[in-house]
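Understanding the architecture of this molecule
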Amino acid sequence: MIYTLPKLSYDYSALEPHIDALTMQIHHSKHHATYIDNLNKALEKAPQLSEKSLEELLLLGEKLPADVKVAILNNGGGHINHSFFWESMSPTPSKPSERLQKSIADGFGTWDEFQAQFAQAGLTRFGSGWAWLVCHNNSKELSIISTPNQENPLQTGHTPILGVDVWEHAYYLHYQNRRADYIAAWWNIVDWDRVENRLAEALTS
Ligand code: MN3
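Everything numeric here is computed off the predicted structure, so don't read it as measured data.

Re the layout of surface pockets
- Empty space within the largest pocket amounts to approximately 190 Å³.
- Lining the largest pocket are Glu55, Ile80, Ser83, Phe84, Glu87, Asn152, Leu154 and Pro160.
- Tallying contributions element by element places helix α3 (residues 69–87) first for the lining of the largest pocket, with 4 residues.
- Counted by class, the lining of the largest pocket contains 4 nonpolar, 2 polar and 2 charged residues.
- Taken domain by domain, the lining of the largest pocket gets at least three of its residues from each of domain 1 (21–87) and domain 2 (98–204).
- The space that makes up the second largest pocket amounts to roughly 150 Å³.
- Every residue lining the second largest pocket is listed: Pro93, Ser94, Lys95, Pro96, Trp111, Gln115, Trp187, Asn188, Val190 and Trp192.

Some remarks on the coordination of the manganese ion
- Within the protein, His27 (NE2), His82 (NE2), Asp165 (OD) and His169 (NE2) serve as the donor atoms for the manganese ion, at 2.0 to 2.1 Å.
- Each donor residue of the manganese ion belongs to the same chain, and together they define the spacing H-x54-H-x82-D-x3-H. Here the residue His27 occupies a position in helix α1 (residues 21–44), and Asp165 occupies one in strand β3 (residues 158–165), the gap between them amounting to 138 residues.
- Classification of Asp165 as buried rests on a relative accessible area of 0%.

Notes on the side chain of Glu196
- Residue position: Glu196 is located in helix α8 (residues 192–204).
- Among the residues examined, Glu196 registers a relative accessible area of 13% and is labelled buried.
- A polar contact of 2.7 Å, which involves the side chain of Glu196, links it to the side chain of Ser97.
- Among residues more than four places away in sequence, those in contact with Glu196 are Ser97, Arg99 and Leu100.

A word on the domain arrangement of the chain
- Each assigned domain of the chain is listed with its residue range as follows: domain 1 (21–87) and domain 2 (98–204).
- Inter-centroid distance (C-alpha atoms) of domain 1 to domain 2 is 21 Å.
- Counting residues at the interface gives 19 residues for domain 1 and 23 residues for domain 2.
- When the two sides are added together, the surface that domain 1 and domain 2 hide from each other amounts to roughly 1600 Å², 61% of it contributed by carbon and sulfur.
- On the domain 1 side of the interface with domain 2, the three residues burying the most area are Asn81, Phe84 and Phe85, jointly 39% of the side's total.
- Here domain 1 is connected to domain 2 by 1 salt bridge.
- Note that Glu87 and Arg194 form a salt bridge whose closest N and O atoms lie 3.9 Å from each other.

What about the environment of Met89?
- With respect to the helices and strands, Met89 occurs in the loop between α3 and α4 (98–108).
- Sequence separation between Met89 and Asn74 is 15 residues; the distance between their C-alpha atoms is 23 Å.

Notes on the packing of aromatic side chains
- One pass over the structure, following the stated rule, counts 17 aromatic pairs.
- Between Phe85 and Trp130, the aromatic rings sit 5.5 Å apart at their centres with planes inclined by 85 degrees, giving edge-to-face as the arrangement. Within this pair, whereas Phe85 is found in helix α3, its partner Trp130 is found in strand β1 (residues 129–136), the two being separated by 45 residues in sequence.
- Since its relative accessible area comes to 1%, Phe85 is described here as buried.
- Ring geometry for Phe118 versus Trp186: centroids 5.9 Å apart, planes at 0 degrees, classification stacked. Of the two residues, Phe118 sits in helix α5 (residues 111–124) while Trp186 sits in helix α7 (residues 179–186), which places them 68 residues apart along the sequence.
- Residue Phe118 is classed as buried on the basis of its relative accessible area, which comes to 0%.

Calculation rules
Residues numbered from 1 in each chain as written. Predicted model: local features only at pLDDT ≥ 70, side-chain atom pairs only at ≥ 80, totals over all residues. Heavy atoms only, no water. 1 Å grid on protein atoms, 1.4 Å probe; cavity = no way out; pocket = protein on both sides within 12 Å on 5 of 7 lines; lining within 4 Å. Points joined across faces, edges and corners; volume = space filled by probe spheres on them. Helix = DSSP H or I, 4+ residues; strand = E, 2+ residues; numbered from the N terminus. Nonpolar A, V, L, I, M, F, W, Y, C, P; charged D, E, K, R; others polar. Domains from an automatic or database assignment. Donors = N, O, S within 2.8 Å, 3.2 Å for Na, K, Ca; no water. Buried < 20%, exposed > 50% of the residue type's maximum accessible area, 1.4 Å probe, protein only. Polar contact = N/O pair within 3.5 Å; in protein donor to acceptor, adjacent residues only side chain to side chain. Contact = heavy atoms within 4.5 Å. Buried area = accessible area lost by both parts, 1.4 Å probe. Salt bridge = Lys/Arg side-chain N within 4 Å of Asp/Glu carboxyl O. Phe/Tyr/Trp six-rings, centres within 6.5 Å; stacked < 30°, edge-to-face > 60°.

Shown next, in the form of structure tokens:
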């Protein structure tokens with residue numbers, strides 16, 4: 001399987017002023033593209049893995065062949081995380097429906113508490129990584145976690161519902177060291193319809 005860079009459904013400038021066009025362009029056409037190139041290079045060296053889906057590869061984890069393990073986990077994670085991230089945002093975002101707000105408030109007390117915990121997870125991730133709203137695959141409980149580098153919640157038995165990239169490359173050009181301001185602005189472009197669909201699917205699967 002050869003992976004290719006997914007096209008965005010909006011222009012690089014479409015998320016301004018919350019995410020600037022140059023950040024989007026570099027993030028998508030350079031960072032994400034590099035993860036895909038390096039993933040493909042690693043898979044060339046391990047043709048026995050060619051039938052596996054990306055999810056299956058990430059779930060193999062430590063069982064991956066030693067010479068390609070780190071490359072597949074880092075770059076496969078980078079590909080899946082970024083594909084998910086682009087689809088989590090919209091230049092014309094829907095508001096969270098009452099049903100979604102209730103589902104989330106049931107998990108966190110209130111909507112505001114959910115947003116506060118999510119932002120805190122992103123803010124306190126030391127170095128590079130992600131903050132996530134996840135649904136546990138077995139208990140179906142909602143929680144907020146953060147992962148280092150390009151790890152994905154599926155590797156710990158969770159289905160990601162929403163995730164924000166808090167690597168510096170996601171915000172540094174416009175926000176410099178102000179990660180909190182980036183996360184606060186990012187709420188304005190979250191596609192809540194997408195979030196609601198992901199949650200409904202996670203709860204019934
Ligand atoms: Mn990134």
